[in-house]
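# Structure assessment
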Amino acid sequence: QQQVKQSPQSLIVQKGGIPIINCAYENTAFDYFPWYQQFPGKGPALLIAIRPDVSEKKEGRFTISFNKSAKQFSLHIMDSQPGDSATYFCAACSTFSSNTGKLIFGQGTTLQVKP
Amino acid sequence: NAGVTQTPKFRILKIGQSMTLQCTQDMNHNYMYWYRQDPGMGLKLIYYSVGAGITDKGEVPNGYNVSRSTTEDFPLRLELAAPSQTSVYFCASRSGGTGNEQFFGPGTRLTVL
């Protein structure tokens, strides 16, 4: 019940394409869903995050779609660029009560955007 | 601000050796975390701390120990290293309260042979 399942494991798109990465969770206590971006040899960095009271959030070319009833959320990258080539992780946690911030991460998706 | 710093960047250990991975943050964050990252497995929480003097186990604590004597430092101790501890280790910090973003260090790549 604590798992977050992420797919696909890897993704290759052409420049300008719209890669979509999907995540599913089971724990209904989760109420914070961030996406982290990681470049080779670097630590992950927060890209965008959403709470379940909204169905979509956009920040620049990055959009999270959230389906509370299905317990799924996805990341869309509009007009993808070679510089977006990285590993993307979805995550989830519950901020109720003490909000320890313990994130449960998905398995990661390696994205390659070809020029 | 340097953010979250980790040392060393790389280390090779022999089975049974011990070592301490260092983590320091200069953002005055209350919360600190240690994760390990294995290929295809995402990041798994090893230990976390909600403030100086307070630590607790995460998902995969076996074989590790931590301490938090100051707000800035959160070292991770490996006793009796095993090949299963070969991984990339990341330290992260978070301000707390309504601030949920975790700031990650650059990682330590550890190989146990």
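One can find the structure itself at the top, above this paragraph.
Since we're looking at a predicted model, the values are computed, not measured.

Residues and elements named next belong to chain A. Counted residue by residue, strand 4 (residues 33-38) has six buried out of six residues, so it is predominantly covered. Alternating residues of strand 4 divide into Phe33, Trp35 and Gln37 and Pro34, Tyr36 and Gln38, and every residue in both groups is buried. As judged from the five bridges shared by strand 4 and strand 5 (residues 45-50), these two strands associate in the antiparallel manner. The partner of Gln37 across the bridge, within strand 5, is Ala45.

Okay, the nonpolar core next. Val4(A), Phe33(A), Trp35(A), Phe73(A), Leu75(A) and Tyr88(A) are the most contacted members of the largest nonpolar core, which totals 25 residues. At the level of elements, strand 2 (10-14), strand 3 (20-25), strand 4, strand 5, strand 7 (62-67), strand 8 (72-77), strand 9 (86-92) and strand 11 (109-114) of chain A are the ones that each hand at least two residues to this core. Broken down by element, this core gets its largest block of residues, four residues, from strand 9 of chain A. Within the second largest apolar cluster, 19 residues are counted, among which are Leu78(B), Ala81(B), Cys91(B) and Leu110(B).

A covalent bond between the sulfur atoms of two cysteines is referred to as a disulfide. Applying the stated rule across the entire model yields two disulfides over all chains. One disulfide bridge connects Cys23(A) with Cys90(A), the sulfur atoms lying 1.9 Å from each other. Residues Cys23(A) and Cys90(A) are joined through a disulfide that is left-handed, its torsion about the S-S bond being -95°. With Cys23(A) in strand 3 and Cys90(A) in strand 9, this residue pair connects regions lying 67 residues apart in the sequence. Residue class for Cys90(A) comes out buried when judged on its relative accessible area of 0%. A disulfide bridge connects Cys23(B) with Cys91(B), and the sulfur atoms are separated by 1.9 Å. Taking the torsion about the S-S bond as the criterion, the Cys23(B) to Cys91(B) disulfide, at about -70°, is left-handed. Placement of Cys23(B) in strand 3 (residues 19-25) and of Cys91(B) in strand 9 (residues 87-94) is noted, with a sequence separation of 68 residues between them. By relative accessible area, which is 1% here, Cys23(B) ends up buried.

Time to look at the interface of chain B and chain A. Contacts between the two partners involve 21 residues from chain B, matched on the other side by 22 residues from chain A. For the chain B and chain A pair, buried surface summed over both sides reaches about 1600 Å², with 53% attributable to carbon and sulfur atoms. The largest contributions to the chain B side of the interface with chain A come from Leu43(B), Asn100(B) and Phe104(B), which together make up 30% of the buried area. At the surface where chain B touches chain A, the tally comes to six residue pairs in polar contact (both at pLDDT 80 or more). At the level of elements, strand 4 (31-38), strand 5 (42-51) and strand 9 of chain B are the ones that each hand at least two residues to the side of chain B that touches chain A. Residue contributions to the side of chain B that touches chain A peak at five residues, all from strand 5 of chain B. Partitioned by chemical class, the residues of the side of chain B that touches chain A number eleven nonpolar, seven polar and three charged.

We now examine the sheet that holds strand 3 of chain B. Residue and element names in this part refer to chain B. Strands sit in the order 1-3-8-7 across an open sheet of four strands; the sheet is antiparallel. Unpaired on one side and paired on the other, strand 1 (4-7) and strand 7 (64-66) mark the two borders of the sheet. With strand direction ignored, the average angle separating the axes of adjacent strands in the sheet is 20°. Alignment of strand 7 against strand 8 (residues 76-78), held across three bridges, turns out to be antiparallel. Along strand 8, the bridge assignment pairs Asn65 with Arg77.

What follows is about the layout of surface pockets. One simple way to see leftover space: roll a probe sized like a water molecule over the atoms. Considering only enclosed or pocket space, the largest pocket measures out at about 620 Å³ in volume. In this structure, the largest pocket is lined by 29 residues; those nearest its centre are Gln38(A), Gly41(A), Gln37(B), Val88(B) and Arg109(B). Contributing elements (two or more residues each) for the lining of the largest pocket: strand 9 and strand 11 of chain A together with strand 4, strand 9 and strand 11 (108-112) of chain B. Here the lining of the largest pocket is composed, by residue class, of nine nonpolar, 16 polar and four charged. A volume near 220 Å³ is recorded for the second largest pocket.

Reading guide: rules and limits
Residues numbered from 1 in each chain as written. Chains lettered and ligands numbered in written order. Predicted model: local features only at pLDDT ≥ 70, side-chain atom pairs only at ≥ 80, totals over all residues. Heavy atoms only, no water. Buried < 20%, exposed > 50% of the residue type's maximum accessible area, 1.4 Å probe, protein only. Helix = DSSP H or I, 4+ residues; strand = E, 2+ residues; numbered from the N terminus. Pairing = 2+ DSSP bridges. Core = buried A, V, L, I, M, F, W, Y, C linked by side-chain atoms within 4.5 Å. Disulfide = S-S within 2.5 Å. Contact = heavy atoms within 4.5 Å. Buried area = accessible area lost by both parts, 1.4 Å probe. Polar contact = N/O pair within 3.5 Å; in protein donor to acceptor, adjacent residues only side chain to side chain. Nonpolar A, V, L, I, M, F, W, Y, C, P; charged D, E, K, R; others polar. Axes fitted to C-alpha atoms, helices over the stretch in contact; angles between N-to-C directions. 1 Å grid on protein atoms, 1.4 Å probe; cavity = no way out; pocket = protein on both sides within 12 Å on 5 of 7 lines; lining within 4 Å. Points joined across faces, edges and corners; volume = space filled by probe spheres on them.

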